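Here is what each chain is made of, one letter per residue.
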Amino acid sequence: HIDRDDDIQVARMKLPVVGEEHTILEAIHHNDCVIICGETGSGKTTQIPQFLFESGYGSPNSETPGIIGVTQPRRVAAVAMAERVGQELGNCRNKVGYQIRFDANVSEGTAIKFMTDGVLLREMMTDFLLTKYSALIIDEAHERNINTDILIGMLSRVLKLRREKAETDAQNYRPLKLVVMSATLSVSDFSENSRLFRTPPPIVSVPARQYPVSIHFNRRTVPNYNEEAFRKTCKIHSKLPPGGILVFLTGKSEINEMVKRLRKRYPLAKKKLYNDIPEVRTDPRNVEVETEEIEFGVSESTDTFEENDDFTEQDEDEEEEGFEENLEDGQTPEDPLYVLPLYSLLPTKEQMKIFEKPPQGARLCVVATNIAETSLTIPNIRYVVDCGRSKERKYSENTGVQSFEIGWISKASADQRAGRAGRTGPGHCYRLFSSAVYESEFSTFSIPEIQRMPVESVVLTMKAMGIDNIVNFPFVTPPKKEMIRKAETLLRNLGALDDKKNITKLGQKMNSFPLSPRFSKMLVVGNQQGCLPYIIALVSGLSVGDPFISEFEIVPKKDPEEQEEQKDYITEEQRNVLSKFNKSRAVFSKLDKFSDVLQLLSAICAQDHVAKADRMKFYDNNFLRSKIMEDILKLRKQLTYIVKINKGKGLVASASTVSDDELKLELPSKPQIMAIKQMVAAGFIDQIAIRADLIDRDVKLSNNMTISSIPYVTLLPTHEPDTEPNAFIHPASILCKSGELPPSYLIYESLNVNTSSETKKLRMKPLNDIS
Ligand code: ADP
Ligand code: MG
């Protein structure tokens, strides 16, 4: 029996899904798969797991003893929702747990488990039938993340198998129930896909109590949407009746900036209500990082400008729509504004503040990324300010080259964002772009991720699960055959697949690591000359992200493309910081002047010898990102643990029992350094670049060339349209500091096109030379 708090009970009763409890449970009872559509905020994520729990799912003595699994595309949502459902369950709160990549709080008694979809995918590798679950809820299916898509494809098969097993071996097996949840009605890719479900699953759609939202387009699309968002938010706050404001921007640094400005403009009576937000950063290199967490560092804007931009602010002001109402009695244009940021890297405690009541007399204003689009519903929002953009991970179809860009969202997303203003009453959505741009630049829907990204990890995972014919897999939307072929080629180059495209022993080993195939290859070959701990450290480093703060971040607004000319503009203070910076980097470069990975390894080894209490100071003094360094340490522990288990030395209970002391590394010896470089090369065997002058007589190097302007030719063709055919060393690389002619052959980690620079240079991030 569940004993809920009264106010929780009252709040639940108001949620649209509660009225559908019976219909939903009936549908689940009679069908193995059910699709549920409901407007964001209707209660799907918080209530449906509870419906299942209350009807016996997850209870040891019932017909359905297996636990209820709920997947989320975002870590934030998995943690926040587990917490909320725990709260709602009152006396049963300990029945809820969550599991994300670096963190878990599940126990024996857990009946409802929230997790990222990546976690569930990994569980399927050891237990394809997912026997410990009686029901699985796949949430946010409309987002069409690759993990969600693959899960649904696989689960469609698991449902069938569990049904068959239950009929032949009822002692040991029960059928599995699958609930696919979407915030939009466009679910035909799932429901009408006969390769996925032979009989179309029923769709329960929850009638939403959505109030009308008036949409106000800007007359012109202004290039600086941050400025415009600030102006609009101030205007709403100073002129319009009560109601929360939700501002959509694209990422952490923009959001923090906006929050700072708004807090300064409309201060709270009690400033103490705001906490300092700890600094956290990530880097594009980490495949597990969610796209919107990525900070570019350099100029970010990819705006489309409209011609004939001759309006003035006042001009716009006079005719601006959506300001017909007036302040209510008791409001003044200078009332305090309670401004909160919301993005994934924010500590959970700070994220949860959006659900609390704002201080007396203050208006709530949340400045958020996409998270607020469908994952988290902020209460009492009446005004939405939408910049119309989001961060996207883009891949070149020809080459797999990655770039991170701010781009227009889809019309479907823009409508979703507008809808956030109409949950509690009629609302307004202010779009910081013109209706002409909306019509011409915005696609109707976003393209599913699986059709945009390289699929090598997915292909390897699927091969390891015994899915031989990937081309015939019941994908929600099949990836291009071309992409599957490319992935298979890479996996063959790495030795993970044999000539018949079957998984090899090496491939199996590689797949036992929760890493992309290149990194797992490094780990598998790393077990020589005592190098394994170093490779574990490196793989963790390369997989989590770049811990080195770059020179260009220390001396702000310095464009790496023009580093030479700008030297004169730095202040005395900046000069001192730079000198400290250079000294520290010189220490980390001692192992090898041509190897970025050995620089990374030096930093990790150095950290190992710093006492825990002094680490923050060490990171600061050496210009290292603390969050990344700590995540590297966490991942090293996990990997060390996994390696031990793989070697049959699984005496350790969990990754957290691997101690810091156990990891402690001395600097590698000369022969070890040689070996490490070869092991790194083994993971990137297809990413070799040759200095252009060695193969092309027309290329001449001269003494006054900067190192970052020396051309390289990649072994595999990577010609992007509109880019120079050659690749150039990234200015942040150790090679640019060496002052020497860079090596003939380089192994590189990635190629990126800098879209904000005019030359569209192909920049390569080197790992090390081949000797
Ligand atoms: P859906 O999944 O359909 O979008 P949710 O179940 O996430 O809807 O949300 C239902 C309601 O619960 C929303 O009004 C939301 O604001 C509220 N809610 C969610 N989490 C919390 C929380 N931690 N504290 C207070 N209210 C919350
Ligand atoms: Mg939800």
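Criteria and thresholds
Residues numbered from 1 in each chain as written. Chains lettered and ligands numbered in written order. Predicted model: local features only at pLDDT ≥ 70, side-chain atom pairs only at ≥ 80, totals over all residues. Heavy atoms only, no water. Helix = DSSP H or I, 4+ residues; strand = E, 2+ residues; numbered from the N terminus. Buried < 20%, exposed > 50% of the residue type's maximum accessible area, 1.4 Å probe, protein only. Areas by Shrake-Rupley, 256 points an atom, 1.4 Å probe, with all protein chains shown as cover. Core = buried A, V, L, I, M, F, W, Y, C linked by side-chain atoms within 4.5 Å. Contact = heavy atoms within 4.5 Å. Near = heavy atom within 4 Å. Polar contact = N/O pair within 3.5 Å; in protein donor to acceptor, adjacent residues only side chain to side chain. Axes fitted to C-alpha atoms, helices over the stretch in contact; angles between N-to-C directions. Parallel < 35°, antiparallel > 145°, perpendicular 65-115°, else oblique. Left-handed = near helix turned anticlockwise from the far one by under 90°. Patch = residues over 30% accessible without salt bridge, like charges linked within 9 Å, V, L, I, M, F, W, Y side chains within 5 Å. Salt bridge = Lys/Arg side-chain N within 4 Å of Asp/Glu carboxyl O. Lys, Arg positive; Asp, Glu negative; His and termini not counted. Charge placed at Lys NZ, Arg CZ, Asp CG, Glu CD. Pairing = 2+ DSSP bridges. Expected span 1.5 Å × (residues − 1). pLDDT = per-residue confidence, 0-100. Phe/Tyr/Trp six-rings, centres within 6.5 Å; stacked < 30°, edge-to-face > 60°. Lys NZ or Arg CZ within 6 Å of the ring centre and 35° of its normal.

Draft legend 1. The arrangement of the overall build of the protein in detail. The number of helices and strands found in the protein is 28 helices and 21 strands. Within the protein, the proportion of its 771 residues that are buried is 56%. For the protein, the accessible area works out to roughly 34300 Å², and carbon and sulfur atoms hold 50% of it.

Draft legend 2. Spotlight on the nonpolar core. Within the largest apolar cluster, 103 residues are counted, with the highest numbers of intra-cluster contacts made by Ile 150 and Leu 155. When near neighbours in sequence (up to four residues on either side) are disregarded, Ile 150 contacts Leu 121, Ile 450, Val 458, Met 462, Phe 473 and Phe 475. Among the nonpolar cores identified, the runner-up in size contains 86 residues, and Val 70, Ala 80, Ile 354 and Val 384 belong to it.

Draft legend 3. Fine view of the site of ligand 1. Taken together, 14 residues are adjacent to ligand 1, and Gly 41, Lys 44, Thr 45, Thr 46 and Thr 377 come closest. At 2.7 Å from an oxygen atom of ligand 1 is found a main-chain nitrogen or oxygen belonging to Gly 41. Here an oxygen atom of ligand 1 sits 3.2 Å away from a polar atom, N or O, in the main chain of Ser 42. Mapped onto the shell around ligand 1, the elements with two or more residues apiece are helix H3 (44–54) and helix H4 (75–88).

Draft legend 4. Broad picture of the packing of H3 against H4. Direction vectors running N to C along H3 and H4 enclose 55 degrees, while the axes themselves pass 10 Å from each other. Here H4 runs oblique to H3, going by the angle between their axes. Relative to H4, the crossing made by H3 is right-handed. Together, Thr 45, Thr 46, Gln 47 and Gln 50 of H3 and Met 81, Arg 84, Val 85 and Glu 88 of H4 make up the contact between the two elements.

Draft legend 5. Molecular detail of a positive patch on the surface. A grouping of Arg 157, Lys 160, Arg 195, Arg 198 and Lys 481 is seen on the molecular surface, where their side chains present a positively charged patch. Along the chain, Arg 157 turns up in helix H6 (residues 146–168).

Draft legend 6. Looking closely at the sheet that holds strand S8 (residues 203–206). The strand order across the open sheet formed by eight strands is S4-S3-S5-S2-S6-S7-S1-S8, and the pairing between neighbours is mixed. With partners counted over all chains shown, the strands left at the sheet margins are strand S4 (103–104) and S8, one partner each. The pairing of strand S3 (residues 96–100) with strand S5 (residues 112–116) spans four bridges and is parallel. Bridging from a neighbouring strand, Val 96 pairs with Ile 112 of S5. Sitting on the sheet, H3 touches strand S1 (33–38), strand S2 (67–72), S5, strand S6 (133–138) and strand S7 (177–182), and the angle it makes with S2 is about 165 degrees.

Draft legend 7. Local environment of the pattern of salt bridges. Here the structure, examined in full by the defined rule, presents 33 salt bridges. The network of salt bridges with shared partners includes Glu 228, Arg 231, Lys 232, Lys 235 and Glu 320.

Draft legend 8. Expanded view of helix H8 (residues 225–239). A rise of 1.5 Å per residue sets the reference length of H8, with its 15 residues, at 21 Å; its end C-alpha atoms lie 21 Å apart and thus fit the reference within 8%. Those residues of H8 not exposed but buried are Tyr 225, Glu 228, Ala 229, Phe 230, Arg 231, Lys 232, Thr 233, Cys 234, Lys 235, Ile 236, His 237 and Ser 238. Capping the start of H8 is the job of one residue whose side-chain oxygen sits 3.2 Å from the backbone nitrogen of Asn 226: Asn 224.

Draft legend 9. Representation of the side chain of Asp 139 within the structure. Relative to the helices and strands, Asp 139 is located in the loop between S6 and H6. Buried charge without a salt bridge: Asp 139, with Lys 44 as the nearest opposite-charge side chain at an N-O distance of 5.7 Å. Within the structure, Asp 139 has its side chain in polar contact with the side chain of Thr 45 (distance 2.6 Å). Excluding anything up to four places from it in sequence, Asp 139 contacts Thr 45, Thr 71, Gln 72, Pro 73, Thr 148 and Met 181.

Draft legend 10. Fine view of the confidence of the model for the protein. Overall, the prediction assigns the protein a mean pLDDT of 86, with 87% of residues at 70 or greater. Low confidence marks residues 281–289, where pLDDT is under 50. Its contacts with residues over four positions away, or in another chain, come to 41 contacts. Here residues 296–314 is a poorly scored stretch, pLDDT under 50, and it has 34 contacts once near neighbours within four places are set aside; other chains count. Two summary scores accompany this predicted model of the complex, namely pTM at 0.71 and ipTM at 0.99.

Draft legend 11. Region of the structure containing the packing of aromatic side chains. Under the defined criterion, the tally for this structure stands at 13 aromatic pairs. Relative to Tyr 438, the ring of Phe 217 has its centre 5.3 Å away and its plane inclined at 55 degrees; by these criteria the two rings are tilted. Residue Phe 217 is located in strand S9 (residues 213–217), and its partner Tyr 438 is located in helix H14 (residues 435–441); the two are separated by 221 residues in the primary sequence. Linked through ring pairs, Phe 217, Trp 408, Phe 433, Tyr 438 and Phe 442 together constitute an aromatic cluster. When the ring centre of Tyr 438 is taken as origin, the NZ or CZ atom of Lys 411, which lies over that ring, is 5.5 Å away. Positioned above the aromatic ring of Tyr 438, the side-chain terminus of Arg 431 is 4.9 Å from the ring centre.

Draft legend 12. Highlighting the side chain of Lys 463. Checked against the element boundaries, Lys 463 lands in helix H15 (residues 456–464). Looking at Lys 463, its side chain comes within polar contact range of the main-chain oxygen of Lys 501, at 3.0 Å. Excluding residues that lie within four positions of it along the chain, Lys 463 makes contacts with Asp 468, Ile 470, Glu 488, Leu 497, Lys 501 and Ile 503.

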